[in-house]
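The residues making up each chain are set out below.
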Amino acid sequence: GGLALAAGFGALMVLGGMRIGRGARTPAVAAAATDTVHVVRFVIAAPGARSVSLAGDFNGWSRDATPLEDVDGRGQWSVTLTLPPGRHEYAFVVDGERWVADPFAAVTRDEFGQESSVVRVGGEAARGA
């Protein structure tokens, strides 16, 4: 009990930035860190596809780094990822070759005319900022 009390008192002294001893001052600890996790589920209907993966700026546009799973056995492919806040571009890669924009997301074109989709994650990014 005494050890727990001493540890609690020590934590209060550090967190509160209280004076200790003869004018010594412990630094205050900032508690502004937030560990928000943004979970995004990507889904596409691709009946007859042998494989579907997700390529985007969040995985170096790798065509096989993020495979989707055929969740119902009838071509409803899905994967769930955690993404950092911000704007992310992505596309589905069907059968390792055909790049497909998400039909339910905003679309953008690169300098070569290739379409990809956009998802905005968290805070201001989710509101279009």
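Going by the structure above, here's the rest.
Residues numbered from 1 in each chain as written. Predicted model: local features only at pLDDT ≥ 70, side-chain atom pairs only at ≥ 80, totals over all residues. Heavy atoms only, no water.

Asks: Would you mind showing me how to read the overall build of the protein here?
Replies: Helix and strand counts for the protein come out as 2 helices and 10 strands. From first element to last, N terminus to C terminus, the protein shows the α and β order α-β-β-β-β-β-β-β-β-β-β-α. Each of the 129 residues in the protein was classed as buried or not, and the buried ones make up 32%. Long-range pairs, those at least 24 residues apart, make up 58% of the contacts in the protein with a sequence separation of at least 6. (Helix = DSSP H or I, 4+ residues; strand = E, 2+ residues; numbered from the N terminus. Buried < 20%, exposed > 50% of the residue type's maximum accessible area, 1.4 Å probe, protein only. Contact = heavy atoms within 4.5 Å.)

Asks: Before we go on, may I ask you to explain the environment of Ala-106 in this structure?
Replies: Relative to the helices and strands, Ala-106 is located in strand β9 (residues 106–109). For Ala-106, a relative accessible area of 48% corresponds to the partly exposed category. Linking Ala-106 and Val-118, residues 12 residues apart in sequence, is a C-alpha distance of 5.3 Å. Not counting residues up to four positions away in its chain, the partners in contact with Ala-106 are Ser-116, Ser-117 and Val-118.

Asks: Where do I start with the side chain of Asn-59 in this structure?
Replies: Here Asn-59 shows up in the loop between β4 (52–56) and β5 (69–70). Among the polar contacts made by the side chain of Asn-59, one reaches the side chain of Thr-66 at a distance of 2.9 Å. Sequence-distant contacts of Asn-59, defined by excluding residues within four places in its chain, comprise Leu-54, Ala-65 and Thr-66. (Polar contact = N/O pair within 3.5 Å; in protein donor to acceptor, adjacent residues only side chain to side chain.)

Asks: Just to check I follow, could you spell out the side chain of Thr-66 for this structure?
Replies: Positionally, Thr-66 belongs in the loop between β4 and β5. Relative accessible area serves as the criterion here: at 10%, Thr-66 is assigned to the buried category. Not counting residues up to four positions away in its chain, the partners in contact with Thr-66 are Ser-53, Leu-54, Asn-59, Val-79 and Leu-81.

Asks: What should I look at first to understand the nonpolar core in this one?
Replies: In a soluble, globular protein the nonpolar side chains are often hidden away together inside. Counting 18 residues, the largest nonpolar core has Phe-42, Val-52, Leu-54, Leu-68 and Phe-92 as the members making the most contacts within it. Secondary structure elements with two or more residues in this core: β3 (38–45), β4, β6 (76–83), β7 (86–94) and β10 (115–121). Setting aside anything within four residues of it in sequence, one finds Phe-92 in contact with Phe-42, Val-43, Ile-44, Val-52, Ser-53, Leu-54, Leu-68, Arg-98, Trp-99, Val-100 and Asp-102. (Core = buried A, V, L, I, M, F, W, Y, C linked by side-chain atoms within 4.5 Å.)

Asks: What exactly am I supposed to notice about unusual backbone geometry here?
Replies: Most peptide bonds are trans, and most residues other than glycine sit at a negative phi. With a phi angle near 60°, Trp-61 is a residue other than glycine that sits in the positive phi range. Look at Asp-95: it is not a glycine, yet its phi comes out positive at around 55°. Relative to the helices and strands, Asp-95 resides in the loop between β7 and β8 (98–100).

Asks: How do you make sense of the packing of aromatic side chains when you look at a structure like this?
Replies: The description of two aromatic rings rests on the distance between their centres and on the angle between their planes. As enumerated under the stated definition, the model contains 4 aromatic pairs in all. Between Phe-42 and Tyr-90, the ring centres sit 4.8 Å apart and the planes meet at 70°, which makes this aromatic pair edge-to-face. With Phe-42 in strand β3 and Tyr-90 in strand β7, this residue pair connects regions lying 48 residues apart in the sequence. Side by side, Phe-42 and Tyr-90 carry an identical accessibility label, which is buried. Three or more aromatic residues joined by ring pairs make a cluster, and in this case those are Phe-42, Phe-58, Tyr-90 and Phe-92. (Phe/Tyr/Trp six-rings, centres within 6.5 Å; stacked < 30°, edge-to-face > 60°.)

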